[in-house]
Amino acid sequence: MPEPQPYDPAIAGTGAGGAMDLAISEGSSLDGGPGGLPKDPSEKARSLWSDALRDLRRNPVFIISGLIILFLLIISLWPSLITSGNPLKADLSKAQQGSSPGHPFGYDPQGRDVYTRVVYGTRTSVTVGVCATLGVAIVGSFLGALAGFFGGWWDSILSRISDIFFGIPVVLGGLVFLSVVTGSTVWPVIGFMILLGWPQIARIARGSVITVKQNDFVQAARALGASNSRMMLRHVAPNAVAPVIVVATIALGTYISLEATLSYLGVGLKEPAVSWGIDISAASNYMRNAPHMVLYPAGALALTVLAFIMLGDAVRDALDPKLR
Amino acid sequence: MLLEVRDLHVEFHTRDGVAKAVNGVNYSVAEGETLAVLGESGSGKSVTAQAVMGILDMPPGKISSGEILFKDQDLLKLKGEERRKIRGQEMAMIFQDALSSLNPVLSVGEQIGELFTVHRGMSRKDAKAKAVELMDRVRIPAAKERVGQYPHQFSGGMRQRIMIAMALALEPSLIIADEPTTALDVTVQAQVMDLLAELQRELNMGLILITHDLGVVADVADKIAVMYAGRIVETSPVHEIYKAPAHPYTKGLLQSIPRLDQKGQELYAIKGLPPNLLRIPPGCAFNPRCPMAQDVCRTDVPPLAQVSETRQSACHFWKETLDAR
C-alpha cells in the first residue's frame with residue numbers, strides 16, 4: 001500500500017493538463033487538427049492547387065491519359081521522331097494496299113502511307129484542339145467574368161448574346177460559315193470554334209464569379225481598399241477558375257472531334273492539309289474492301305478524344321472534391 | 001470628433017417593396033473611444049457600418065439621406081476612388097467569420113502584405129516582412145514559419161487575429177468590428193477582445209464594436225448605442241445602461257441574459273419577433289413587443305429624448321422605465 005500523498009496540484013495537473021492546455025492555449029483550439037500549430041514545423045503549406053496536384057498524381061486515370069497526351073504532343077511537335085515518310089507522297093500503284101513491311105498501316109486510296117498520315121494528322125488535331133480551347137477559354141472567361149462581376153445591363157446583354165450563339169447548331173453553322181472560307185490552314189476552323197464555343201465557358205465563368213463574389217473575403221478585400229481590378233484578379237479569379245479549367249479540358253476533346261467532323265464534311269480542313277477527318281472521309285467509300293484506311297485514322301481520333309476527356313474527368317475530380 | 005453619423009437613412013429596394021434598414025441613425029466616435037452598437041439581427045447595425053465603410057451593395061442598397069462625417073469630411077460626397085483610398089488606410093473593418101473573410105487561395109502572409117503593396121507601394125519582400133511583424137504583434141506564435149500558410153490551416157481564434165492584423169496593418173484611425181467574436185469559442189472570445197482593446201489603446205483608434213453580446217460590451221466599450229428597426233433607441237455610457245436601462249427594449253435585452261442567481265427560473269425572453277423592415281409598425285417600432293406600450297406608442301414615433309447629459313432614450317415612457325427597475 002503506497003503512502004497516501006498530499007494533494008499536489010502540480011501532479012494532479014499533469015493528468016488533466018493536456019486537455020486544459022488545449023482549451024487555454026488557443027493556438028490549438030477545439031477544432032484541433034490542421035487548425036492548431038503545425039505538428040511538424042516543416043509541414044508544407046498546402047493550397048487548393050497543390051492539393052489538386054497531389055490528388056492527380058495518385059489518380060491512374062490521370063496518369064494514363066497524361067501519358068497518352070504527352071505522347072501525342074511530342075509527335076505533333078516532332079512527327080519525324082517516329083516516321084521518316086512524307087504524308088503527301090503518293091504512289092497510285094499501291095493504292096488501297098494493306099500493311100506491308102515498313103508500312104504497317106498500309107496505303108490509302110491515293111497510295112499514300114496511312115501510318116505517316118495518321119502521325120502527321122496528330123499535329124492538326126492537337127493544334128486545333130489546343131488553340132480552340134485556349135481561345136474559347138480566354139474569350140469566354142473574360143466576357144463571362146465581366147458579366148458576373150459587374151452584373152447589371154452588361155450581364156443581361158452578354159447573356160442574351162450567348163443565348164443566341166447557343167442557338168446555332170454547330171455543324172450547320174460550320175457548313176455555312178466555313179464553306180465561304182478557302183485555303184487549307186487550321187485557323188478558320190479554330191476561329192469558328194472560338195466564335196461558337198465561347199458562350200459555354202462564359203456561362204460557367206459567369207456563374208462561378210457570381211458565387212465567389214458573394215464570399216465575405218471579397219467584401220473584406222473591398223473594406224481594406226482593394227480596387228475593382230485587384231479584387232477581380234487576386235480574389236475572385238483564382239477562386240473561380242477551377243470550373244473553367246475542368247470544362248475547358250473536357251471541351252478540348254470535343255473540339256478535336258469537331259474538327260474531324262467538319263473536315264469529313266468537306267468544310268473544315270481541305271486537301272492538301274493532313275487531317276484524320278479528311279482521311280476518314282476519303283476512305284469511307286472503300287470501307288468494305290479496305291477497312292484499314294478508315295480504321296487507323298478513326299482509331300487515332302477516338303484515342304485522342306478519349307485521352308482528353310479522361311484528363312478532364314481527372315482534373316474535375318481533383319479540383320471539385322464535392323463531385324466525387 | 002473622429003466620426004459622426006448624422007441622420008443616416010438606408011433603404012433596400014427589393015421586389016416586395018422598400019425595406020427601410022436604417023432610419024435616421026446618429027452616432028459619433030472620438031479617437032481612442034469605443035462605441036458598442038447593440039441590436040438583434042436586422043436592426044440595421046451592420047448596414048450602418050457598411051454605409052460608413054462604403055461597402056454597401058448599391059443597388060439594391062441606397063443611402064437616401066444623411067451625412068457621414070469622418071475627420072470633418074462628408075464621405076458620402078467623395079468620389080469612388082477617393083473613398084477607396086480611405087478604406088484600409090484611414091478606416092478598416094473586422095468581419096464576423098474570419099474563415100470566409102480570408103481568401104482561401106492566398107497565404108495569410110500574402111493577404112496581410114497586400115495592404116502594403118496596394119496602399120504603400122512596397123515590394124513583395126518588404127510586405128512579407130511587414131506581415132510577419134504584424135502577425136507577431138497580434139501574438140500568432142511562430143509567425144515566421146506560419147506566414148506562408150493558408151487560412152484553413154489556422155484555428156478560429158488565430159484566423160480572427162489575422163483579420164485584426166489586416167485591419168490594423170496601416171494603423172487606421174477608425175476600426176469597425178462587426179461581431180468579431182461571434183464565431184469563436186468562449187475562451188478565445190475573451191482573448192481576441194482583449195487583444196483588440198489593447199491594440200486600440202496603443203494606437204488610440206476609434207472603435208465601433210457591433211455585437212449582440214452584452215457580455216462582450218461591458219468589458220471594452222465606453223458607450224453603447226442600442227438599435228432597433230434601423231433606429232437608435234438608447235445611447236448611454238456603458239455602466240449606466242447596465243444599472244438602469246432607459247428603454248424597455250434595452251431592459252428586455254438585459255433581462256434575457258442568463259444569470260447565476262436565477263438558477264432554476266425561466267429565462268426571460270422578449271416576446272414576438274423583430275419587425276419586418278418592409279412594414280415597420282407605425283409609432284414606436286417596438287410597440288407590439290413592449291410590455292409598457294400605450295396608445296401614444298402606436299401613433300407617435302418617440303423622439304430621442306435627453307435622459308441625462310450623456311444619455312438619450314427614444315421612449316415616451318423613459319422616466320417610468322428608469323423608475324420601474
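Each chain carries its own residue numbering, running from 1 in the written order of its sequence. Each chain is given a letter, starting from A, and each ligand a number, starting from 1, according to the order in which they appear as written. In keeping with the predicted nature of the model, local features appear solely for residues at pLDDT of at least 70, side-chain atom pairs appear and are counted solely at 80 or more, and the whole-chain, interface and lining totals rest on all residues. Excluded from the side-chain calculation are hydrogens and water; included are all heavy atoms of the structure.

Engineer: Sorry if this is basic, but what is going on with the UniProt feature "transmembrane region" (unreviewed entry) in chain A here?
Structural biologist: Residue and element names in this part refer to chain A. Under the UniProt annotation, "transmembrane region" (unreviewed entry) lies at residues 61–82, 126–149, 161–180, 240–258 and 294–315. Each helix is a run of H or I in the DSSP string that is no shorter than four residues. Each strand is a run of E no shorter than two, and both are numbered from the N terminus. Regarding residues 126–149, the helix share stands at 100% and the strand share at 0%, and the terminal C-alpha atoms are separated by 33 Å. Secondary structure content for residues 161–180 is 80% helix and 0% strand, and the end C-alpha separation is 24 Å. UniProt positions are given in the numbering used here, feature names are shortened, and annotations may be inferred rather than shown by experiment.

Engineer: Could you clarify how one ought to interpret the nonpolar core in this entry?
Structural biologist: In a soluble, globular protein the nonpolar side chains are often hidden away together inside. All names here are of chain B. Counting 84 residues, the largest nonpolar core has Tyr27 and Leu174 as its most contacted members. Per-element accounting of this core gives the leading share, 8 residues, to helix α7 (residues 156–168). Setting aside its immediate chain neighbours within four residues, Tyr27 contacts Leu3, Glu4, Val5, Leu35, Val37, Thr48, Ala49, Val52, Ile208 and Ile232. Joining through side-chain atoms within 4.5 Å is the link that ties buried Ala, Val, Leu, Ile, Met, Phe, Trp, Tyr and Cys residues into a set, and such a set is a nonpolar core. To sort residues, take the accessible area from a 1.4 Å probe on protein chains only and compare it with the maximum for the residue type: under 20% means buried, over 50% means exposed, and anything in between is partly exposed. Contact criterion: two residues are considered in contact whenever any of their non-hydrogen atoms come within 4.5 Å of each other.

Engineer: Any chance you could explain the pairing of strand β10 (residues 231–237) of chain B here in plain terms?
Structural biologist: The side chains of a regular strand alternate, residue by residue, between the two faces of the sheet. Residue and element names in this part refer to chain B. Burial runs high along β10: 5 of the 7 residues are buried. Here strand β9 (residues 223–228) runs beside β10; their pairing, made up of 6 bridges, is antiparallel. Residue pairing across strands places Lys223 opposite Pro237, the latter belonging to β10. Two strands qualify as a pair provided that DSSP identifies no fewer than 2 bridges between them. The turn linking β9 back onto β10 is made up of 2 residues, and Ala229 within it adopts a positive phi angle of 50 degrees. Note that β10 and strand β12 (residues 312–313) share 2 bridges and pair antiparallel. Residue pairing for β12: Glu234 is matched across the bridge by Ser313.

Engineer: Teacher, can you tell me more about the packing of aromatic side chains here?
Structural biologist: Working definition: an aromatic ring pair is given by the centre-to-centre distance plus the angle between the planes. Residue and element names in this part refer to chain A. Stacked, tilted and edge-to-face are the three classes assigned to paired rings of Phe, Tyr and Trp, where Trp is represented by its six-membered ring and a pair needs centres within 6.5 Å; plane angles under 30 degrees give stacked, over 60 edge-to-face, the rest tilted. Scanning the model with the defined rule gives 9 aromatic pairs over all chains in all. On the numbers, 6.4 Å between centres and 80 degrees between planes, the contact of Trp153 with Trp154 is edge-to-face. Residue class for Trp153 comes out exposed when judged on its relative accessible area of 63%. Taking relative accessible area as the criterion, Trp154 reaches 26% and is therefore assigned partly exposed. An aromatic cluster is built from Phe105, Tyr115 and Tyr296, whose rings are joined through pairwise contacts.

Engineer: Any chance you could explain the sheet that holds strand β5 (residues 73–74) of chain B here in plain terms?
Structural biologist: Whether parallel or antiparallel, the strands of a sheet pair through hydrogen bonds between backbone atoms. With antiparallel pairing, 4 strands are arranged side by side in an open sheet as β2-β1-β4-β5 (chain B). Unpaired on one side and paired on the other, β2 (17–29) and β5 of chain B mark the two borders of the sheet.

Engineer: What is the right way to read the UniProt feature "domain: ABC transmembrane type-1" (unreviewed entry) in chain A from this model?
Structural biologist: On the UniProt side, "domain: ABC transmembrane type-1" (unreviewed entry) is annotated at positions that read residues 122–312 of chain A here. Between the first and last C-alpha atoms of residues 122–312 of chain A the distance is 19 Å; the span itself is 81% helix and 0% strand.

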